[in-house]
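Structural characterization, general
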Amino acid sequence: MHNPTCPDWAEALLNGFSQIFLQRQPLCGLLCLLAILIGAPALLGGALLGGLAGLLTAQRRGYPKAERQAGLYSYNGVLLGMLISQHFAWSALLPPLILACGGLSAMLSRLWLKHTHHPDDLSAYTAPFVGLGWLLIGSAPQPTFALVEPNFFAIVSAPFIGLAQVMLLDQPLAGVLIAVGLLLANRRAALWALIGATAGVLVALLLDEPASALLGLHSYNPALAALALSQSRRQPWLPLLGILLAIILTPGFATLHLPALTAPFILACWLVRATQRMFKARVDSPFESP
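Keep in mind it's a predicted model, so treat the numbers as computed, not measured.

1. Here we look at the overall build of the protein
Scanning the protein from terminus to terminus reveals 14 helices and zero strands. Secondary structure of the protein in N-to-C order comes out as α-α-α-α-α-α-α-α-α-α-α-α-α-α. Along the first, second and third principal axes, the C-alpha set of the protein runs to 70 × 55 × 35 Å. Counting all 290 residues of the protein, 49% fall into the buried class. In the protein, the share of contacts with a sequence separation of at least 24, taken over all contacts with a separation of at least 6, comes to 73%. In the form shown here, the protein has an accessible surface area of approximately 14,400 Å², with 68% of it arising from carbon and sulfur atoms. For the protein, the separation between the mean place of its 15 positive charges and that of its 11 negative charges on side chains is 12 Å.

2. A look at the domain arrangement of the protein
One frequent convention defines the size of an interface as the accessible area lost when the parts assemble. When its domains are assigned, the protein resolves into domain 1 (8-137) and domain 2 (152-281). Between the C-alpha centres of domain 1 and domain 2 the distance comes to 20 Å. Taken together, the contact between domain 1 and domain 2 spans 35 residues of the former and 34 residues of the latter. Across the domain 1 to domain 2 interface the summed buried area is about 3,000 Å²; carbon plus sulfur atoms make up 79%. Counting the surface domain 1 buries against domain 2, the share from its top three residues, Phe21, Tyr125 and Trp134, is 23%. Inspection of the domain 1/domain 2 interface yields zero salt bridges. At the junction of domain 1 and domain 2, the tally comes to four residue pairs in polar contact (both at pLDDT 80 or more). At the level of secondary structure, the elements contributing two or more residues to the side of domain 1 that touches domain 2 comprise α2 (26-39), α5 (75-87) and α7 (127-137). If you tally residues by element for the side of domain 1 that touches domain 2, the top one is α2, at nine residues. Considering only residue class, the side of domain 1 that touches domain 2 consists of 26 nonpolar, seven polar and two charged.

3. Quick look at the UniProt feature "transmembrane region" (unreviewed entry) in the protein
Taken from the UniProt record, the annotation "transmembrane region" (unreviewed entry) applies to residues 33-58, 94-113, 122-140, 152-182, 189-207 and 240-272. Taken end to end, residues 94-113 has its terminal C-alpha atoms 28 Å apart, with 100% of it in helix and 0% in strand. Annotation note: span residues 240-272, helix share 79%, strand share 0%, distance between end C-alpha atoms 10 Å.

4. Remarks on the nonpolar core
Across soluble globular proteins, nonpolar side chains show a tendency to be buried alongside one another. Counting 64 residues, the largest nonpolar core has Phe17, Phe21, Ile36, Met82, Met167 and Leu169 as the members making the most contacts within it. When residues in this core are grouped by element, the largest group, seven residues, is from α5. Of the residues that make up this core, three or more belong to each of domain 1 (8-137) and domain 2 (152-281). Once residues within four sequence positions are removed from consideration, Met82 is found in contact with Ile36, Leu43, Gly46, Ala47, Met167, Leu168 and Leu169.

5. Focus: the environment of Pro95
Secondary-structure assignment places Pro95 in helix α6 (residues 94-113). When the C-alpha atoms of Pro95 and Ile84 are compared, they prove to be 9.5 Å apart, with 11 residues separating the residues in sequence. Ignoring any residue separated from it by four or fewer positions in sequence, one finds Pro95 in contact with Leu49 and Trp90.

6. Comments concerning helix α12 (residues 220-228)
Within α12, nine of the nine residues are buried, which leaves the element mostly enclosed by the surrounding structure. Looking at α12, one finds that the buried residues are Tyr220, Asn221, Pro222, Ala223, Leu224, Ala225, Ala226, Leu227 and Ala228.

7. Comments concerning the side chain of Asn221
Along the chain, the position of Asn221 falls in helix α12. Owing to a relative accessible area of 1%, Asn221 belongs among the buried residues under this scheme. Ignoring anything within four residues of it in the chain, the contact list for Asn221 reads Ala246, Thr250, Leu261, Thr262, Ala263, Pro264 and Phe265.

8. A word on unusual backbone geometry
If you check the backbone angles, Leu168 has positive phi at about 65° while not being a glycine. Positionally, Leu168 belongs in the loop between α8 (152-165) and α9 (172-185). In this structure, His257 takes a positive phi of about 60° despite not being glycine. Mapped onto the fold, His257 is located in the loop between α13 (237-255) and α14 (263-284).

9. Structural notes on the packing of helix α1 (residues 8-19) against helix α3 (residues 44-60)
At a minimum axis separation of 10 Å, α1 and α3 run at an interaxial angle of 115°. Seen along the crossing, α1 lies across α3 with a hand that is right-handed. Counted together, Trp9, Ala12, Leu13 and Phe17 of α1 and Ala47, Leu48, Gly51, Leu52 and Leu55 of α3 form the full contact between these two elements. Here the residues of the contact of α1 with α3 sort into eight nonpolar, one polar and no charged.

Calculation notes
Residues numbered from 1 in each chain as written. Predicted model: local features only at pLDDT ≥ 70, side-chain atom pairs only at ≥ 80, totals over all residues. Heavy atoms only, no water. Helix = DSSP H or I, 4+ residues; strand = E, 2+ residues; numbered from the N terminus. Buried < 20%, exposed > 50% of the residue type's maximum accessible area, 1.4 Å probe, protein only. Contact = heavy atoms within 4.5 Å. Areas by Shrake-Rupley, 256 points an atom, 1.4 Å probe, with all protein chains shown as cover. Lys, Arg positive; Asp, Glu negative; His and termini not counted. Charge placed at Lys NZ, Arg CZ, Asp CG, Glu CD. Domains from an automatic or database assignment. Buried area = accessible area lost by both parts, 1.4 Å probe. Salt bridge = Lys/Arg side-chain N within 4 Å of Asp/Glu carboxyl O. Polar contact = N/O pair within 3.5 Å; in protein donor to acceptor, adjacent residues only side chain to side chain. Nonpolar A, V, L, I, M, F, W, Y, C, P; charged D, E, K, R; others polar. UniProt positions renumbered as here; feature names shortened; annotations may be inferred. Core = buried A, V, L, I, M, F, W, Y, C linked by side-chain atoms within 4.5 Å. Axes fitted to C-alpha atoms, helices over the stretch in contact; angles between N-to-C directions. Left-handed = near helix turned anticlockwise from the far one by under 90°.

What follows is the structure, given as structure tokens:
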């Protein structure tokens with residue numbers, strides 16, 4: 001729905017920030033923007049530039065306005081802008097690189113959306129961000145963490161850091177702002193996101209990986225999977241399965257020497273959706289007589 005107090009372009013851009021968490025809510029997007037400002041202000045320019053690149057590309061190429069306003073062509077650009085700003089030193093080449101990647105992510109998103117007309121079709125999610133991110137930063141060396149002793153505050157704040165890690169942030173306050181934004185957009189989604197993030201922390205602690213657990217590195221993919229699969233109130237097993245798969249898939253990318261980014265979340269959701277479709281097709285197909 002159009003907001004008369006907010007220009008179209010601003011609403012579309014803010015929706016792009018909220019779509020990182022699969023929501024269409026400008027106020028949620030504004031809180032995500034504030035989370036970047038607080039958690040990593042150096043990444044804010046890249047985030048805005050990437051999001052604008054995706055939006056302007058969609059406008060120039062005449063993509064459907066409803067999809068542009070929903071932020072569907074901006075959120076991958078926001079993430080790419082942040083990733084590029086985080087991994088590369090500032091130079092005159094950095095803004096054109098962000099603009100190019102943001103625009104390309106919009107084109108890739110459009111290609112996918114053109115072939116997804118049915119609710120059961122697999123969504124692109126953040127696949128353009130992951131694919132282009134891998135091309136940009138290549139293989140990732142295994143990070144080393146100092147030994148830490150978990151305390152009560154660190155454990156309680158870890159799920160919020162996990163929410164922040166979706167946007168490459170590591171500050172608990174940034175995660176709290178994102179959680180508030182999710183509450184405003186969809187209370188059920190906010191609850192499932194926190195359940196997913198908490199599950200990731202607990203599993204990592206059980207696996208004796210306290211440093212990465214407390215940094216939210218095992219939390220953000222299960223949080224996103226829970227968000228994506230929590231729409232159906234009658235099927236709570238869907239987000240639970242998504243959480244489990246995202247947790248299981250995450251360590252595999254380290255063995256491949258690839259940064260996980262949001263790939264475990266995407267694969268977990270695709271596996272769940274594909275399984276759903278398979279069972280639905282089996283139930284709907286008539287029994288063959290011998």
